[in-house]
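# Breakdown of the fold
The residues making up each chain are set out below.
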Protein chains: 2
Amino acid sequence: MATINDVARAAGVSPSTVSYVLSGRRPISAQTRERVQAAIAELGFHPHAGARALASSRTNVLALVVPLRTDVNVPVIMQFATAVVTASRTHNHDVLLLTKDEGTAGLERVAHSTMVDALIVMDVERDDVRIQALRRLKQPSVLIGLPADPAGIVCVDLDFEAAAAEALRHLAWHGHRKVALVGPSPAVYKRGTTYAERFLTGFTIGSAELGLETMTHPCEPDREGVRACLADVDAQLPGVTALVVHNEEALRMVLEELQASGRRVPADISVVAVCPRDVALNMPLPLTSVDIPAHDVGGLAVATAMKLLDGRPTEKVRLLPPTLVERGSTAPLAPTAG
Amino acid sequence: MATINDVARAAGVSPSTVSYVLSGRRPISAQTRERVQAAIAELGFHPHAGARALASSRTNVLALVVPLRTDVNVPVIMQFATAVVTASRTHNHDVLLLTKDEGTAGLERVAHSTMVDALIVMDVERDDVRIQALRRLKQPSVLIGLPADPAGIVCVDLDFEAAAAEALRHLAWHGHRKVALVGPSPAVYKRGTTYAERFLTGFTIGSAELGLETMTHPCEPDREGVRACLADVDAQLPGVTALVVHNEEALRMVLEELQASGRRVPADISVVAVCPRDVALNMPLPLTSVDIPAHDVGGLAVATAMKLLDGRPTEKVRLLPPTLVERGSTAPLAPTAG
DNA sequence: TTGAAAGCGGTACCAG
DNA sequence: CTGGTACCGCTTTCAA
């Protein structure tokens, strides 16, 4: 492999000049620059990452911590991950993949050994033990999620509270008064996954503000779970005219069960999904949905990390406003039912 | 951050001794070792990854290339990825995550800049352009999959041909003579994804060897696609008594459509799935399945990469034998139907 | 606008 | 069994 010295020799300049051509950190005459670039191309020179990291204290690598567990929504995780990788590349960074099960030790390992410049952590829980560890690191970190105490750490996420409010507002606008939330599985709540809690909060507040009659119910994403959930909804909120479904895995089954019980969507019951747009579009019926913008959130996390690395100012908590797109699964409440 | 020199000073030894304590590459007296380890612990010393890479020409990082496209089965991809990360950690390596869309350039970038010791590449196609690039790298690579010409590259995967044969053998043993293959979507075949082709080959050969009456049909994993596929199967192979489903996304819908058409599984029709065990177990009915051992394959890929790095001998192509587990979705053919 | 050279923090060879 | 030290390849300060 060619080194910077080989390039310097071939171009008839000093190694430092080659380095400056590469980094652009000082003016170089056009002539010199061209000679150097020609030599680089000819020799197929690629700077040695380790050497660079050693000399510059910059690795150009971001750590990404993903949950390994599969009770959490895998496709969404994957969307976040690919978004982070893609965004990182546009910022000239690569991504080191860590799994959550290494816990605090994994974070400390890659940080202390200077493998990464910053860390992006997914699947953050209410009182995540990893957060105190992150605070002690010399590298900055960005959470995707929102823990109980985000002090000293930067967080980005969808504004799930607003998302719930948005869903309710849409339904209320269409005249719906009785609305049920079909939530994630109990395990998700139990774990202290904050997006679930935040959505619930927004739902409750929104319900009160709009004067709606609502109920909420977790939902195990299998056939029996969905049936049980819908049965409870019908029992506790008779005459329900709309559902907000914050449970991707269960979504398709909810639609099927509604159909099985003889209810047409949206004629008999409206459904607002909370999910990535492609999921909403790939249902039997295109669903009105509040988008989970995994791509945007991942991109924002990376952009935020870059700001931190550059010492640029950053919001401590950045919650993206939700967008609701009306598709085929919601309709105004029929006058007779109002 | 403490350096090796700080540790050496604190322990009253030379830096090289500290290095040797860390690497175990030469005998150290118990006394010295303890003093050094105490100093390491006290100072919270962690070797600088870049410095280490520079001096040793070893990064202890593996590149993992995953498909970014989502027409491919996301949960399985994720299983492979987490298996690779987990296995890498047991070998004291970390994983750099690359997406397939960077193509050849991405591979060359991380290899030429010495960011990784070896590469693991998923979603390999028949005539994958990346393969020639991999051959030129100084780092070894392991493919998960099997291209047309694997010369010079090590490949690991499930033996999909044998998997198909195994599924048919199981059904034939139970007296089934008319069997249809519900395959992946046409797009998967079109792309030259070899696992699909290999399964098809195995199915065709197995069918001939067992003297079965069979047909094969790709299947778009949505409601209409599944319906159309099953309709074609019924039309072209009337009296079909068993299905082999090599399409995870479609699996649940296949079962539901069978039920909708009044056929009970396994009483009226047997179903063998080809999927990870957890998918087979999470269906309404636990399915007899040929396992896609993502964890094993990922682990094997990593172990193989380690062998290559150590200069130990390795099989060029390693195809894991399939295992079929009988669960509730297959039954002997009823005598009356035979 | 460019060059010289001192590190960055380890590794591993050469000595003893 | 241990120490001294020349690198590994690049960045960046100091000089010119």
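The shown structure was predicted, so the numbers you read here are calculated from the model rather than taken from an experiment.

A separate point is the relation of the copies chain A and chain B. The transform that puts chain A on chain B rotates by 180° and translates by 0.1 Å along the axis, for an RMSD of 0.1 Å. Viewed as a symmetry operation, the transformation between the two copies matches a two-fold axis. In this assembly the copies share their binding face: 100% of the residues contributing to the interface of chain A also contribute to that of chain B.

For the rest of this paragraph, the subject is the interface of chain A and chain B. How big an interface is tends to be reported as the loss of accessible area on association of its parts. Each partner contributes to the interface: chain A provides 38 residues, whereas chain B provides 38 residues. When chain A packs against chain B, close to 3600 Å² is buried across both sides, 66% of that on carbon and sulfur atoms. Applying the counting criterion to the chain A and chain B interface returns six salt bridges. Among the salt bridges present, the one from Arg 89 of chain B reaches Glu 102 of chain A, with a minimum N-O distance of 3.2 Å. Summed over the shared surface of chain A and chain B, the number is twelve residue pairs in polar contact (both at pLDDT 80 or more). Mapped onto the side of chain A that touches chain B, the elements with two or more residues apiece are helix H4 (49–56), helix H5 (74–90), strand E2 (94–99), helix H6 (103–112) and helix H12 (248–260) of chain A.

By nearness alone, 28 residues border DNA strand D, and Ile 4, Tyr 20 and Arg 52 of chain A together with Thr 17 and Thr 32 of chain B come closest of all. Each atom of DNA strand D within 4 Å of the protein belongs either to a base or to sugar and phosphate, the latter forming 52%. Within the side chain of Tyr 20 of chain A, a nitrogen or oxygen atom sits 3.3 Å from a base oxygen of DNA strand D. Contributing elements (two or more residues each) for the surface near DNA strand D: helix H2 (15–23) and H4 of chain A together with helix H2 (15–23) and helix H4 (49–56) of chain B. For the surface near DNA strand D, the leading source of residues is H4 of chain A, giving five residues. Taken together, the residues that form the surface near DNA strand D break down as twelve nonpolar, twelve polar and four charged.

With that settled, consider the packing of aromatic side chains. Aromatic ring pairs: the centre-centre distance and the angle between the two ring planes describe each pair. Residue and element names in this part refer to chain A. Summed over the entire model, instances satisfying the criterion amount to two aromatic pairs over all chains. Taken together, a centroid distance of 5.4 Å and an interplanar angle of 35° make the contact between Phe 160 and Tyr 195 tilted. One end of the pair, Phe 160, is in helix H8 (residues 160–173); the other, Tyr 195, is in helix H10 (residues 194–210), with 35 residues separating them in the sequence. Relative accessible area serves as the criterion here: at 24%, Tyr 195 is assigned to the partly exposed category.

So, on to empty space enclosed by the protein. Counted by the stated rule, this structure contains five cavities of 30 Å³ or more. By volume, the second largest cavity amounts to about 250 Å³. Considering the residues around the second largest cavity, the lining is formed by 16 residues, among which Ala 49, Val 61 and Met 115 of chain A together with Val 61 and Met 115 of chain B are closest to the centre. When residues of the lining of the second largest cavity are traced back to their parent elements, those giving at least two are H4 of chain A together with H4 of chain B. Partitioning the lining of the second largest cavity into residue classes produces ten nonpolar, six polar and no charged.

Attention shifts here to the sheet that holds strand E10 (residues 288–291) of chain A. Note on sheets: strands pair through backbone hydrogen bonds, and any given pair is parallel or antiparallel. Residues and elements named next belong to chain A. Judged by pairing direction, the sheet is mixed, and its six strands sit side by side in the order E7-E6-E8-E9-E10-E12 without closing on themselves. Looking along the sheet, the strands with just one partner apiece sit at the ends: strand E7 (213–217) and strand E12 (324–325). Of the pairings in the sheet, the one linking strand E6 (residues 178–182) to strand E8 (residues 242–245) comprises four bridges and is parallel in character. Within E8, the residue paired with Val 182 across the bridge is Val 245. Of the strands in this sheet, E6, E8 and strand E9 (270–275) touch H12, which is tilted by about 165° from E9.

Here we come to the packing of helix H5 (residues 74–90) of chain B against helix H14 (residues 294–310) of chain B. Geometry of a packed helix pair, given as the angle between the helix axes and the separation of the axes. All names here are of chain B. One can describe the packing of H5 onto H14 by two numbers: an axis separation of 8 Å at closest approach and a directional angle of 45°. Between H5 and H14, the angle falls in the class oblique. Here H5 and H14 pass one another in a crossing that is right-handed. Contacts between H5 and H14 involve Val 76, Gln 79, Phe 80, Ala 83, Val 84, Ala 87 and Ser 88 from the first element and Ala 294, His 295, Val 297, Gly 298, Gly 299 and Val 302 from the second.

What follows covers the pairing of strand E1 (residues 61–66) of chain A. Residue and element names in this part refer to chain A. Burial of E1 is extensive: six of the six residues sit out of reach of the surface. As paired elements, E1 and E2 share six bridges and run parallel to each other. Pairing of Ala 63 across the sheet is with Leu 96, part of E2. Across four bridges, E1 lies against strand E3 (residues 118–121) in parallel orientation.

Okay, the UniProt feature "domain: HTH lacI-type" (unreviewed entry) in chain A next. As recorded in UniProt, the feature "domain: HTH lacI-type" (unreviewed entry) lies at residues 2–56 of chain A. Within the segment residues 2–56 of chain A, helix and strand shares are 71% and 0% respectively, and the terminal C-alpha atoms sit 20 Å apart.

Residue and element names in this part refer to chain B. Among the secondary structure elements, Pro 221 is positioned in the loop between strand E7 (213–217) and helix H11 (223–236). Take Pro 221: its relative accessible area is 30%, and that puts it in the partly exposed class. In this structure the C-alpha to C-alpha distance between Pro 221 and Met 253, which are 32 residues apart in sequence, comes to 8.2 Å.

For the rest of this paragraph, the subject is the pattern of salt bridges. Residues and elements named next belong to chain A. Here the structure, examined in full by the defined rule, presents 48 salt bridges over all chains. As a salt-bridge pair, Arg 191 and Asp 123 come within 2.8 Å of each other at their nearest N and O atoms. One end of the pair, Arg 191, is in the loop between helix H9 (186–190) and H10; the other, Asp 123, is in the loop between E3 and helix H7 (130–136), and 68 residues separate them in sequence. Of the residues examined, Asp 123 reaches a relative accessible area of 10% and is grouped as buried. A salt bridge links Arg 169 to Glu 166; the shortest N-O distance between them is 2.8 Å. You can see Arg 169 and its partner Glu 166 sitting in helix H8, three residues apart, about one turn around the helix. Overall, Glu 166 belongs to the partly exposed group, its relative accessible area being 24%.

With that settled, the discussion passes to the packing of H5 of chain A against H5 of chain B. Contact geometry for H5 of chain A and H5 of chain B: axes closest at 9 Å, N-to-C directions at 65°. Between H5 of chain A and H5 of chain B, the crossing angle belongs to the class labelled roughly perpendicular. Seen from above, H5 of chain A lies across H5 of chain B with left-handed handedness. Across the interface between the two elements, Val 74, Pro 75, Ile 77 and Met 78 of chain A from H5 of chain A touch Val 74, Pro 75, Ile 77 and Met 78 of chain B from H5 of chain B. Partitioned by chemical class, the residues of the contact of H5 of chain A with H5 of chain B number eight nonpolar, no polar and no charged.

Another point: the nonpolar core. Core analysis: the biggest nonpolar cluster contains 56 residues, and Leu 64, Ile 120 and Ile 144 of chain A together with Leu 64, Ile 120 and Ile 144 of chain B have the highest contact counts within it. Once you skip the residues sitting within four places of it in the chain, Ile 120 of chain A turns out to touch Leu 62, Ala 63, Leu 64, Val 65, Val 84, Val 142, Ile 144, Ala 301 and Val 302 of chain A. By size, the runner-up hydrophobic cluster in this structure holds 41 residues, among which are Ala 49, Ala 63 and Leu 107 of chain A together with Leu 96 of chain B.

Quick look at the pairing of E8 of chain A now. All names here are of chain A. Where burial is concerned, the two faces of E8 agree: the one with Ala 242 and Val 244 and the one with Leu 243 and Val 245 are both buried. By the bridge criterion, four bridges tie E8 to E9 in an arrangement that is parallel. If you follow Leu 243 over to E9, its bridge partner there is Val 271. Handedness of the crossover joining E8 and E9 through H12: right-handed.

Cut-offs used in this document
Residues numbered from 1 in each chain as written. Chains lettered and ligands numbered in written order. Predicted model: local features only at pLDDT ≥ 70, side-chain atom pairs only at ≥ 80, totals over all residues. Heavy atoms only, no water. Least-squares fit on C-alpha atoms with pLDDT ≥ 70 in both. Contact = heavy atoms within 4.5 Å. Buried area = accessible area lost by both parts, 1.4 Å probe. Salt bridge = Lys/Arg side-chain N within 4 Å of Asp/Glu carboxyl O. Polar contact = N/O pair within 3.5 Å; in protein donor to acceptor, adjacent residues only side chain to side chain. Helix = DSSP H or I, 4+ residues; strand = E, 2+ residues; numbered from the N terminus. Near = heavy atom within 4 Å. Nonpolar A, V, L, I, M, F, W, Y, C, P; charged D, E, K, R; others polar. Phe/Tyr/Trp six-rings, centres within 6.5 Å; stacked < 30°, edge-to-face > 60°. Buried < 20%, exposed > 50% of the residue type's maximum accessible area, 1.4 Å probe, protein only. 1 Å grid on protein atoms, 1.4 Å probe; cavity = no way out; pocket = protein on both sides within 12 Å on 5 of 7 lines; lining within 4 Å. Points joined across faces, edges and corners; volume = space filled by probe spheres on them. Pairing = 2+ DSSP bridges. Axes fitted to C-alpha atoms, helices over the stretch in contact; angles between N-to-C directions. Parallel < 35°, antiparallel > 145°, perpendicular 65-115°, else oblique. Left-handed = near helix turned anticlockwise from the far one by under 90°. UniProt positions renumbered as here; feature names shortened; annotations may be inferred. Core = buried A, V, L, I, M, F, W, Y, C linked by side-chain atoms within 4.5 Å. Right-handed = clockwise from strand over helix to strand, strands pointing away.

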